[in-house]
Amino acid sequence: MKVIADLQIHSKYARAVSKEMVIPKIWEWAKVKGIGLMATGDWTHPLWLREIKNDLEEMGNGLLKLKGKSGKFKVEEKDPLFLLETEVSCIYSQGGRLRRIHTLIWSPSIDTCEKINKKLTSMGANLMSDGRPIMGLTSRQIADVVLTINPKCLIIPAHVWTPWFSLYGSESGFDSVDEAFGDYARYIYAIETGLSSSPSMNWRIKELDSRSIVSFSDAHSGPKLGREATVFNVEELGFAAIRQAIMEPSHRKLTNAYTSANETKNRIAYTLEFYPEEGKYHYTGHRNCDVKQTPEETRKKGTICPVCGRKLTVGVMHRVDQLAGRSEEELKLGINKIDEIRANVHYSQTFANRPPFMMLVPLAEILAEAIGGLPSSRNVQNEYSKLINYFTSEFAILLSIDQADIAKISGERVAGAIDRVRKGEIYVDPGYDGVFGVVKIWQQGKSEDKTQKREQMNLF
Ligand SMILES: [Zn+2]
Ligand SMILES: [Zn+2]
């Protein structure tokens, strides 16, 4: 079975997160989006863990389901399940430099979470401070604590290219997984790409060849759930199957691609990605100085700001170039189709074992451009609800519903816009230094045509 999973989010107990991020609401949004497996987020926070225990029940397979209480929620078989996930922010000195690393921890049981929380507290972490707690432990120490308590937990470096808070971050990260995790690096089976990098950028990094590349939303509000996601293909959904799917590339490497009786059929089918150019740190630049440079420009001009003279925030593209062990040409990228989805997927001919990925634009953004208005405006929201009511979920609409059927509900222009996104026929103005990039389905000239047409229509 295939399941769309979003395994990194935050609860209302984390900074700058919507007060609506409570379990029942997260569950409702997961259904709207079409997510089958959802992160709980923030289990290191004692009050949030209490809410998790109140609202969810453990199923005995390492996952949790919503408690079917007092008819308030109808728990059906296909409803979203939850996996215990948290993110910790480690700030420490290593090799004479300040490091700030965000790391995901997935746990197969509440009991394990409680033991880890107890241990982290005894080591000085203030878990009540935030849903994503800051602590002075090193990445290696985190791995040591977690895997000593339960070796079945998974530790996944989060949004690995973010300049300020990540494993490969240009400002406060490391140059390799080994450098960050030392002797625990071999237990790091996956990295999370973050919004500003695509899997193909990560395929250029040689030390990731034996590791999975996963994508999740890191959402701070319901509408952002699933803006990136990983689709797992598992025999029977449970924590163990997800873990095996994550570990599959490292197994393949160890067993030298021999098929053995133990070989897992659980694997990652594909990932669903934000356009990396839309991420906040794609290019190098300074927001306040209005300076933005492509990697080529950065190679020529360097990383000093021509306006203020200070160091520019080095974007993800340039940083990947710095660490890459191979060029993009070596990957021999191509575009292909997967039977079950009506969209183009990107894959590598050289690394055929790598799960392919597809680039998405959130439905509300597509509608905003197709019918006019902001994604949060009433007419866009009404159209969104109409489509969801008709076709059950956002992922169904983006990935699999026939264009002609969408046209019957929302008209040719919306159906055409979704088709363009599926084919990747869109335009992106890249983000930099904390400024999100902007995606356009139609080129500037064409949308001006549209406004003109509308004005002309108004005249009659
Ligand atoms: Zn983070
Ligand atoms: Zn500047």
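1. Considerations on the coordination of the zinc ion (ligand 1)
Moving on, step 1. Summarising the metal site, the zinc ion (ligand 1) is bound by the protein donors Glu87 (OE), His102 (ND1) and His159 (NE2), whose distances to it range over 1.9 to 2.3 Å.
Moving on, step 2. Ordering the donors of the zinc ion (ligand 1) by residue number gives the pattern E-x14-H-x56-H. Here Glu87 is found in strand S5 (residues 81–94), whereas its partner His102 is found in strand S6 (residues 97–107), with 15 residues between them in sequence. Across this residue pair, the class does not change: Glu87 and His102 are buried.

2. Looking at helix H9 (residues 316–323)
Moving on, step 1. Looking at H9, one finds that the buried residues are Val316, His318, Arg319, Val320 and Leu323.
Moving on, step 2. As for H9, its buried residues are in contact with helix H6 (199–203), strand S13 (284–286) and helix H8 (295–301).

3. Considering the coordination of the zinc ion (ligand 2)
Moving on, step 1. Within the protein, the zinc ion (ligand 2) binds to His286 (ND1), Cys289 (SG), Cys305 (SG) and Cys308 (SG); these donor distances fall in the range 2.1 to 2.4 Å.
Moving on, step 2. Coordination at the zinc ion (ligand 2) comes from four donor atoms whose angles at the metal span 102 to 123°, giving a geometry best classed as tetrahedral.
Moving on, step 3. For the zinc ion (ligand 2), the single-chain donor residues occur in sequence as H-x2-C-x15-C-x2-C. With His286 in strand S13 and Cys308 in the loop between H8 and H9, the pair connects residues that are 22 residues apart, well separated along the chain.
Moving on, step 4. Looking at His286, the relative accessible area reads 10%, which means it is buried.

4. Observations regarding the pairing of strand S8 (residues 154–157)
Moving on, step 1. On S8, burial covers both faces: Leu154 and Ile156 on one face and Ile155 and Pro157 on the other are all buried.
Moving on, step 2. Alignment of S6 against S8, held across four bridges, turns out to be antiparallel. Bridge pairing links Ile105 to Ile155 in S8.

5. A few points about the pattern of salt bridges
Moving on, step 1. In the structure shown here, the tally under the stated rule is 21 salt bridges.
Moving on, step 2. For Arg140, the salt bridge goes to Asp183, with nearest N and O atoms at 2.6 Å. Here the residue Arg140 occupies a position in helix H4 (residues 139–149), and Asp183 occupies one in the loop between helix H5 (177–181) and strand S9 (190–192), the gap between them amounting to 43 residues.
Moving on, step 3. By relative accessible area, which is 31% here, Arg140 ends up partly exposed.

6. Comments concerning the packing of helix H11 (residues 363–371) against helix H12 (residues 378–391)
Moving on, step 1. Close contact between H11 and H12 brings their axes to 9 Å; oriented N to C, the two are set at 120°. On the basis of their axis angle, the class for H11 and H12 is oblique. Considering how the two elements wind past one another, H11 and H12 form a crossing that is right-handed. Residue-level contacts link Leu363, Ala364, Leu367, Ala368 and Ile371 of H11 to Asn379, Val380, Glu383, Tyr384 and Leu387 of H12.
Moving on, step 2. Its residues assigned to classes, the contact of H11 with H12 shows eight nonpolar, one polar and one charged.

7. Topic: the layout of surface pockets
Moving on, step 1. If you add up the space inside the largest pocket, you get close to 750 Å³.
Moving on, step 2. Contributing to the lining of the largest pocket are 29 residues, with Lys2, Gly34, Ile35, Gly36 and Lys78 lying nearest its centre.
Moving on, step 3. At the level of secondary structure, the elements contributing two or more residues to the lining of the largest pocket comprise strand S1 (2–6), helix H1 (23–33), H12 and helix H13 (394–399).
Moving on, step 4. Per-class residue counts for the lining of the largest pocket are 16 nonpolar, six polar and seven charged.

8. Brief notes about helix H3 (residues 110–122)
In an α-helix, one full turn covers 3.6 residues, which means residues spaced three or four apart are oriented alike.
Moving on, step 1. In this model H3 runs 18 Å from its N-terminal to its C-terminal C-alpha over 13 residues, within 8% of the 18 Å that 1.5 Å per residue would give.
Moving on, step 2. Within the span of H3, buried status applies to Ile110, Thr112, Cys113, Ile116, Asn117 and Leu120. What you see down the axis of H3 is that its buried residues fit within an arc of 150°, all on one side. The exposed residues of H3 that point more than 90 degrees off its buried face are Lys118 and Ser122.
Moving on, step 3. At the exit of H3 stands Gly124, carrying a positive phi of roughly 100°.

Rules and cut-offs
Residues numbered from 1 in each chain as written. Chains lettered and ligands numbered in written order. Predicted model: local features only at pLDDT ≥ 70, side-chain atom pairs only at ≥ 80, totals over all residues. Heavy atoms only, no water. Donors = N, O, S within 2.8 Å, 3.2 Å for Na, K, Ca; no water. Helix = DSSP H or I, 4+ residues; strand = E, 2+ residues; numbered from the N terminus. Buried < 20%, exposed > 50% of the residue type's maximum accessible area, 1.4 Å probe, protein only. Contact = heavy atoms within 4.5 Å. Tetrahedral: all angles 85-135°; square planar, octahedral: opposite > 155°, others 65-115°. Pairing = 2+ DSSP bridges. Salt bridge = Lys/Arg side-chain N within 4 Å of Asp/Glu carboxyl O. Axes fitted to C-alpha atoms, helices over the stretch in contact; angles between N-to-C directions. Parallel < 35°, antiparallel > 145°, perpendicular 65-115°, else oblique. Left-handed = near helix turned anticlockwise from the far one by under 90°. Nonpolar A, V, L, I, M, F, W, Y, C, P; charged D, E, K, R; others polar. 1 Å grid on protein atoms, 1.4 Å probe; cavity = no way out; pocket = protein on both sides within 12 Å on 5 of 7 lines; lining within 4 Å. Points joined across faces, edges and corners; volume = space filled by probe spheres on them. Expected span 1.5 Å × (residues − 1). Arc of directions from axis to C-beta.

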